[in-house]
Structure formats: C-alpha cells, structure tokens
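# Descriptive structure summary
Spelled out, the chains give:
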Protein chains: 2
Amino acid sequence: MNAPTALSHLAPDVHQRATPDELIAELQQRFGAQCSTALVVREQHGRDESVYEVPPPAAVVFAQSTQDVADAVKLAAKYKVPVIPFGVGSSLEGHLLAVQGGISIDVSRMNEVLAINAEDLTVTVQPGVTRKAVNEAVKSEGLFFPIDPGADASIGGMTATRASGTNAVRYGTMRENVLALEVVTAQGEVIRTGTRAKKSSAGYDLTRLMVGSEGTLGVITEVTLKLYPLPEAISAATCSFPSIEAAVRTVIQVIQLGVPIARCELIDHNTVRMVNTHSKLGLREENMLLMEFHGSPASVKEQAETVQEIATDFGGNAFEWADTPEERTRLWTARHNAYFAAIQSKPGCRAISTDTCVPISRLADCLLDSVSEADAAGLPYFLVGHVGDGNFHFGYLIDPTKPEEHTLAEELNHKLVARALSLEGTCTGEHGVGLHKMDFLLTEAGTGAVNMMRTIKRALDPDNIMNPGKIFSL
Amino acid sequence: MNAPTALSHLAPDVHQRATPDELIAELQQRFGAQCSTALVVREQHGRDESVYEVPPPAAVVFAQSTQDVADAVKLAAKYKVPVIPFGVGSSLEGHLLAVQGGISIDVSRMNEVLAINAEDLTVTVQPGVTRKAVNEAVKSEGLFFPIDPGADASIGGMTATRASGTNAVRYGTMRENVLALEVVTAQGEVIRTGTRAKKSSAGYDLTRLMVGSEGTLGVITEVTLKLYPLPEAISAATCSFPSIEAAVRTVIQVIQLGVPIARCELIDHNTVRMVNTHSKLGLREENMLLMEFHGSPASVKEQAETVQEIATDFGGNAFEWADTPEERTRLWTARHNAYFAAIQSKPGCRAISTDTCVPISRLADCLLDSVSEADAAGLPYFLVGHVGDGNFHFGYLIDPTKPEEHTLAEELNHKLVARALSLEGTCTGEHGVGLHKMDFLLTEAGTGAVNMMRTIKRALDPDNIMNPGKIFSL
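Residues numbered from 1 in each chain as written. Chains lettered and ligands numbered in written order. Predicted model: local features only at pLDDT ≥ 70, side-chain atom pairs only at ≥ 80, totals over all residues. Heavy atoms only, no water.

By the naming in an unreviewed UniProt entry, chain A goes by D-lactate dehydrogenase (cytochrome) and is assigned to Hydrogenophaga palleronii. Per UniProt, chain A carries the Sequence similarities (unreviewed entry) text "Belongs to the FAD-binding oxidoreductase/transferase type 4 family." Recorded in UniProt for chain A, the comment headed Cofactor (unreviewed entry) runs: "FAD". (UniProt positions renumbered as here; feature names shortened; annotations may be inferred.)

Here you go:
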C-alpha cells in the first residue's frame, strides 16, 4: 500500500473503534482456525482497489455457512464492533476498508452453487461464488448469467454494490437480476427476501433495499439470480471512429432506435494503445466501439446491419467481426484488462476512477467536455464506457507520491460529477458510493433523501455495526 | 356497498382514530373548495374494488400540486391523523379504505404529463395521470408505456402497488419501469429518489422501496417512467386448447425457450363464455391463450412460428391472427373486461380475486390442482392469467348475502396461496397486500422479514399516519 493517506476524504465520524480482546477470544473459541488475527491476513482484508490507506480489521472470520455469519455478527453485536463483509476484494470505492475498525467476515469459502433451476431460468448461490463460477456451473444447461463488471467479482459483492457492466444495456443490472436473498441482519438474525416467482407485490421490496446497500444493512448469505438462455447466435464487432463524438453519436442513435444490442463499449484511442501494449492485440489505435449482438441468427444479422449503417453515417470504418468464441474471448479479455493495461502504462501509478451515468441524450455533452478538461489538465487517463447505458469511466493515472496529481484528479472528478448531475445523471452508475462518493451522494440525492437512508440505517442497525462509515456519515 | 362486513379479516389493530374538528377546520381554511366533507364524496373515496365495508374517511383533499400534498400531510401529521392517497380507486385489496379513519388525498387532479424525453425513452408525470393518458401523450413520439394492469389505473397507484399486467412478461413490472420518484414523506417533506440515468449505485434504492409500499411510507407526487419505441410490427393471436393443461404446457415451453413474447394470457373456457356474452365476441368457447408478439416484421414472424409449432404439439388449434390495430384492440378490450363480464354473469355478485405467482416450471402444478378444487367446490369463478409470468387470477363469484359463499371462496384462496408458497411462489404477483393478504405475507416472508418492514415503517412514519393498517399490523 503506497497510496497517500486519504482519510481527509472520509466523513467526519470516521474513527477507529476499539475491538475488545474478549470479542477476539470469543471469536477464536467459536471459529478456531477459521478466525485469523495474523497481520498479513488482516492487511489483505483491509484494502481494495481504492486509493485509501486505513488500518486493517482486528480479525478476519472465514465463514463457511450462514450460521457462521450469523454467529460472527451476533458476537460483534454483543460488543458493538463493526463487521465488514468481504468477497474477492475488487471494490473500487473503499467498501472493504475498516475505517471504524472491527472484523472482516470473508465469505469466499461460501462458494457453493446451491440450486440450478434451469426450467425457471434461476440459480441460487452462496455469496462467495464468483460470476465466472456461476457461468461455469450453468453452461451445460445452455444458460448464462449476463452481469459482467469486468473483475471476476463475487456475487455477494456484486449484489451489495448493485454492480452491472458490459451486458447491462440489454440485460439490466443486479437490481433487475437478483430475485431473492438470504441476509443476516445486524442482530444476527437470518431473513429471506423474495421468492423464486418472477414478480411479486408482497410488501416492501427488501431485496432491492439490500441490493446496493454496500454491507451497511446486513450480510448477504444467499442470492437467487435470473439466468438467460445462451443466445442462439452471438457476434462481436469493433468499429473505429475519427472522434469520440462520432462514436458517441452512433451509440445514441443505436439506443434510441431500440436496437437490442447486448454490449456497447467505448474505448478511447489512448486506451486502445494501452490495451494493445498490454494484451498484444494490434487493434487500430483509434477511438473504438466494441459491440456484441445476441439473438437468433436472423435477429443478430438485422441488428448488426442497422448498427453498421448508423456507424457508417458517422464516419465509422473498419467494422471488424469476431464470430468465433475464441476471438470474442480475446477481445473481451482485452476490454476487461483495460484497467490493468492502463495501470501498467505508468509504472507505480494508481487510478482514480470515475463512474458517472447520464441519460443517453446527454452522453455527448457529458463526455466530450470532460475529455477536453482531462486533456487540458495533462494528466494521463484511460477512458472506457458502457456507453449504451450512458455510463463511462475515466481512470486518472496518478503518481501516489505526488499529492498535486491526486488533487488534480479529484478536481477533474468533481467537475465531471457536477456536469453529470446537472444533466440529470448520477455520480455512480455501478461502483457504489463507498468512501469516495459520500459528498457526491449528498449533492445528488439531497439531504432529505439521504436523511431517509440514514433513518433506515439507524432503525435496522442502531449500534451502527454493519460496515459503518460507508455511503453516508451518521 | 352491499358486501358483508369483513373486518374480521383485518389486523387486530384496526380501529377508527378520531379526526379532530380542528384538523378539518385547518384543512378547509388551507384548501377551500378543494377540501370536501360531503358524505357522497367521502363514500366515493372510502371504497375500492375489494369486498370490505369500512366507514369512509373524514374528509377528502383534492390536491393539485406537490405543495398541496405536502401541506395536507403536514396538517394530518400535526394531529396524528391518517392520510390515504387516492388515484382512480381501482385497488382490489382494500388499499384505499380508511380502516383507521383519517383523510383521503385525491391526486386525480394532478394529471399533467410534465416532461417527455423521447430521446431518452423517459416520461415524467404527476401521479394522477392514468396509464392510457401516458400512452396518449407519447404516441406521437412513436413511443409507448407497456405496463397494463387492465384497469386504466393512475400511475401513482400503479407505482404504489407495484402493478404489472399483460405486458410484464416482456417489459417487466413497475419495479423495472419506474426510474425516479418525488415523494412527500410522513413529515410532509418533499424528497426525490433516483435520477433519469438508466442505472445507478448511489445509495439505498429508495425508488424501489417506495414502489409497492402501498402508500404506507409516503405519497407519490411525481413519477419518471421508462418508455419503449412502438414495435415496428405487432401481431396478436388466439389459440384454443383441449385442456387448461395443454395451454399451460405450451406457455411453459415458450418461456423456457426464451421466446420474447410480449403478452401471453390464459382465459379458461368458462371465462371465454362470459366474455363472449359481455363483449359479443364469438370466440371459440374453449380454454384459450391470447398472445401478442412485438418486434421487427422478421422477428415477429419468427416468434409466431415458434409458438404456433409448440402449441400444435400440445393439441392447440384454431390459431387466429389479429393483425390490425382494431382487431387487437377488440381482443384486448375483451380481455380487460373479463372481470366485469364475470361480475355480470351472476347478478349482484362480488368477486374474491386471487393473485398467486409461481416459477414457470411450477405453473401447471399450481394451476391445475386449484382448478380441480374450485370445480369441486361448485362456486362459479373466472380464471385469467398472465401465465407467461406464472401469475394467474381466480375470481370466485360470491353472493354477498351468503356468508357461506364468502367463507368457501376464502378457503379456496387459502389453499391456493398455500400451494403457491410451497412451490416457491408469492401470494401476490401484482395486486399488493392491502388488507386482504396480511396473513399470507407473514407466512410467505416470515416474521423476520415482516419485522424488518415494520421497523422501516416505524422509523419513517413514527406516528403511523401513512395509510395505516395495510400490508402488516403494527
């Protein structure tokens, strides 16, 4: 961890609470070798992909069952000590950091696929199952789970952050694709939200309340997900554009025409260059759309023709098709590695990621002005985006030994968020608030709405032990 | 109102709270002619399509703006008197009944379409706008709003009950189609939930918490909805089947194959007969599927051929197409009038509606046994269903002067719900809990989850003034 201390970004109530020795002793008694206080283990659970540096949790419990989670939470509740659920550690926003001390509950060993209901297009998994493992498990049934945030994140973590990614433009986000949950509450009680019915009007939508609650309302111990039949035909394509604007105008028209495109990603020319270097791809180093079409062969052909026509109108060229699974995997792996490709392009750097999302008609306004600002600032960056959803990410590459670069990156981020909010968008399309966007959330949602969130949090977790200090200050 | 008093079905805490004269005086001073205490007006706002008989509210405020709603709620809060939002009165579950007294806030005059953002496929409306009015307003932009619960319900009411209906199999429910809300809280404060961005991870999903909260957490004063491009091609078809089972097996296979069918409705042979009598239709009096396909001409053709093939395999016959808008309107109007057709088939009767929804693989198990039970009981009924979603409605037709018929209908309903829950389904797919399904909700969700709902309710509405006595007892 060589990032500069960034606690100044945190809410005023951030403070390390003491973890009593009695709690550690009780945890060790209950969990034996499943409970670790080794520094290396604690440090591994005390960081994520964010830039913050915070002392690690006091202990890590490796839960193997819902009962383990419930017992760990009950013990923590007894001593009013924070608990922080941990999946694979791929959060970008500081969700996993023990800003108020406490214990980490690692659910990665809860990695069983509990039930595949192929006939109903549902699967029920433990929270430590990763998205790739879900797909591996259901592939032989001719099914897939589309939500793909890039990282091979855990389903628990994806649920907690309301993740989405490349396929969301067609299949929605975790919001639309989680049917039901099992959750351990702040009191250590096990509840179930939702059923396997496709729709329901049975009381408050606790499922959706938990999705995106970032561990602050409970620990997710089981998730029932929607699945989809593997498309009969899949075709991926890249198309190069003379400008980002041309690429973005193409996307806007594709979406507005209602083309059911499955993936629609922008990669700017800088980032294509980084990806080429990292993944040895030989892509044309121009601004690029990377797209995928799903459906029957006829429908895929129809979609592709429509998009190609629109792209050509905007000066798009070099439409290249990737029809074999191998070619597609190569392209999408390269896309998913863009973050790492960028990090490696500037040795020793860290990335400050943005995550704004705006209505599709505002995408060009939001994106182009922010590109100009970033270019003018002179800070290297990568730019990728789930542009079909109006969502994109700048990653400003900062030298962590130079506070002025960090400041500059945050200034660019602030300007971008302000612009997105003025265009009726959101500060976070898919990464969550965590530590990084608490001020943005307040600006976006307003004091009244954030106070409503706080009221719910206080009611469900009166001792503020569930991942405290995230989303909002209390 | 000639239904038997059914307060015995209500929660134990049902009681009429007093409405102080001072509140009425303050309301009259603030609202003038917009506030009515006339018995006829109060009675009109004290009933819905449910079978319950309850004294009417003490006054009705006809709100014309968010400020009107906020002021009415603030006055009610001052005297700790219940407020019940009222749209068009089409609830089936007693949502609108003043079981604890109080005032009705009628939002039907808040019927402006505030903004059509055709480029973003969104529309923002006041809560009194009905679904047909939304469609009228956006038609010229080549767009439509798919959610169709049958009745021309208000968007506010549809949001509050998490409504869905015939198009949900393809387009989702209000859960998936509300982007953002303006809500007046129990304190009379105006908050906004969500933005016009298509997705967001910005804090708790207050939008989804409000969707389906049945007026118990706030009054909805503005709704931003998703829209869809009018399909290039639409085709409707009816197909008759030798048995309900044959029809249901066809549906299951259509859904499992991933055919993107837009509407897929079952109407049993009894109900077809009632509809024929009511709407002069001349449909074959057999169990029937009524379907609709949306898409490009090629895709509609492809879908229709697939479905026709499956139907034929199960003995379906007399596939009849309705390709003109007039024919389609005639068919769907008949479908929507099934409820009234049934009511008129037994003069003076009332209907006890069921609303179970199960995973599609369980549909046959759930439906067929319930049909046998209803047939054996000898009570006339209608049976219609959004079977593509696993959701269907029996309407047991009871003579309100015969308590034994009411009891028999409720017994059938109880058996059906128990069956649906044992098959991992829900007691209510789209009507909401209201007064009628509070016990079912407890069985379905469990005490832990319902207690979480209660905790949220108490925290956000400590004086229990927002539509009290609905969903759960406090």
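From this point, the discussion proceeds with the structure in view.
### Quick look at the relation of the copies chain B and chain A
When chain B is brought onto chain A, the operation consists of a screw motion whose angular component is 180° and whose axial shift is 0.0 Å, with 0.0 Å RMSD remaining. Put plainly, the chains are arranged around a two-fold axis. Both copies present the same face, since 100% of the interface residues in chain B are matched by interface residues at the equivalent positions in chain A. (Least-squares fit on C-alpha atoms with pLDDT ≥ 70 in both. Contact = heavy atoms within 4.5 Å.)

### Concerning the interface of chain B and chain A
With 77 residues of chain B at the contact, the number on the chain A side is 77 residues. A salt bridge links Glu424(B) to Arg196(A); its shortest N-O distance comes to 2.9 Å. Per-element accounting of the side of chain B that touches chain A gives the leading share, twelve residues, to helix α16 (residues 438-460) of chain B. When its residues are assigned to classes, the side of chain B that touches chain A shows 30 nonpolar, 27 polar and 20 charged. (Salt bridge = Lys/Arg side-chain N within 4 Å of Asp/Glu carboxyl O. Helix = DSSP H or I, 4+ residues; strand = E, 2+ residues; numbered from the N terminus. Nonpolar A, V, L, I, M, F, W, Y, C, P; charged D, E, K, R; others polar.)

### Let's talk about the environment of Pro20(A)
All names here are of chain A. Assignment of secondary structure puts Pro 20 in the segment before α1 (21-31). Using a relative accessible area of 23% as the deciding quantity, one classes Pro 20 as partly exposed. Spatially, the C-alpha atom of Pro 20 lies 29 Å from that of His 436, the residues being 416 residues apart in sequence. Every residue in contact with Pro 20, bar those within four places of it in the chain, is listed here: Tyr 79 and Val 81. (Buried < 20%, exposed > 50% of the residue type's maximum accessible area, 1.4 Å probe, protein only.)

### Topic: the packing of helix α15 (residues 403-422) of chain A against helix α16 (residues 438-460) of chain A
Residue and element names in this part refer to chain A. Their axes nearest at 11 Å, the elements α15 and α16 cross at an angle of 15°. What the angle tells us is that α15 and α16 run roughly parallel. Judged by the sense of rotation from one axis to the other, the crossing of α15 with α16 is right-handed. Contacts from Asn 413, His 414, Val 417 and Leu 421 of α15 reach α16 at Phe 440, Thr 443 and Glu 444. Here the residues of the contact of α15 with α16 are counted per class, giving three nonpolar, three polar and one charged. (Axes fitted to C-alpha atoms, helices over the stretch in contact; angles between N-to-C directions. Parallel < 35°, antiparallel > 145°, perpendicular 65-115°, else oblique. Left-handed = near helix turned anticlockwise from the far one by under 90°.)

### Some words on the UniProt feature "domain: FAD-binding PCMH-type" (unreviewed entry) in chain A
Per the UniProt record, "domain: FAD-binding PCMH-type" (unreviewed entry) is annotated on residues 53-230 of chain A. Between the C-alpha atoms that bound residues 53-230 of chain A there is a distance of 42 Å. The span itself is 23% helix and 25% strand.

### Re the side chain of Asn413(B)
All names here are of chain B. As for its placement among the helices and strands, Asn 413 is situated in helix α15 (residues 403-422). Classification of Asn 413 by relative accessible area gives buried; the value is 2%. Not counting residues within four places of it along the chain, the set of residues in contact with Asn 413 comprises Thr 354, Tyr 396, His 436 and Phe 440.

### Details of the sheet that holds strand β8 (residues 178-184) of chain A
Think of a sheet as strands paired side by side through backbone hydrogen bonds, with each pair either parallel or antiparallel. Residue and element names in this part refer to chain A. Ordered in space as β5-β6-β10-β8-β9, the five strands form an open sheet in which the pairing is antiparallel. Two strands lie at the open edges of the sheet, namely β5 (113-117) and β9 (190-193), each paired on one side alone. Taken pair by pair, the neighbouring strands of this sheet meet at an average axis angle of 10°, ignoring direction. (Pairing = 2+ DSSP bridges.)

### Describing helix α1 (residues 21-31) of chain B
Residues and elements named next belong to chain B. Among the residues of α1, Leu 23, Ile 24, Leu 27 and Phe 31 are the ones counted as buried. Viewed end-on, α1 has its buried residues packed into an arc of 100°, placing them on one side of the element. Away from the buried face of α1 by more than 90 degrees, exposed residues Asp 21 and Gln 29 are located. Those residues of α1 that are buried are in contact with β1 (35-36), β2 (59-62), α3 (66-78) and β4 (103-106). Of the residues trailing α1, Gly 32 is marked for its positive phi of about 55°. (Arc of directions from axis to C-beta.)

### Remarks on the pairing of strand β17 (residues 381-386) of chain B
A regular strand carries its side chains on alternate faces of the sheet. All names here are of chain B. Among the six residues in β17, six count as buried, and that is most of the element. Neither face of β17 is left uncovered, since the one carrying Tyr 381, Leu 383 and Gly 385 and the one carrying Phe 382, Val 384 and His 386 both have all their residues buried. Looking at chain direction, strand β13 (residues 263-267) and β17 are connected through two bridges and run antiparallel. Paired with Leu 266 across the strands is Gly 385, a residue of β17. What sits between the antiparallel neighbours β17 and strand β18 (residues 391-398) is a turn of four residues, in which Gly 390 has the positive phi angle 80°.

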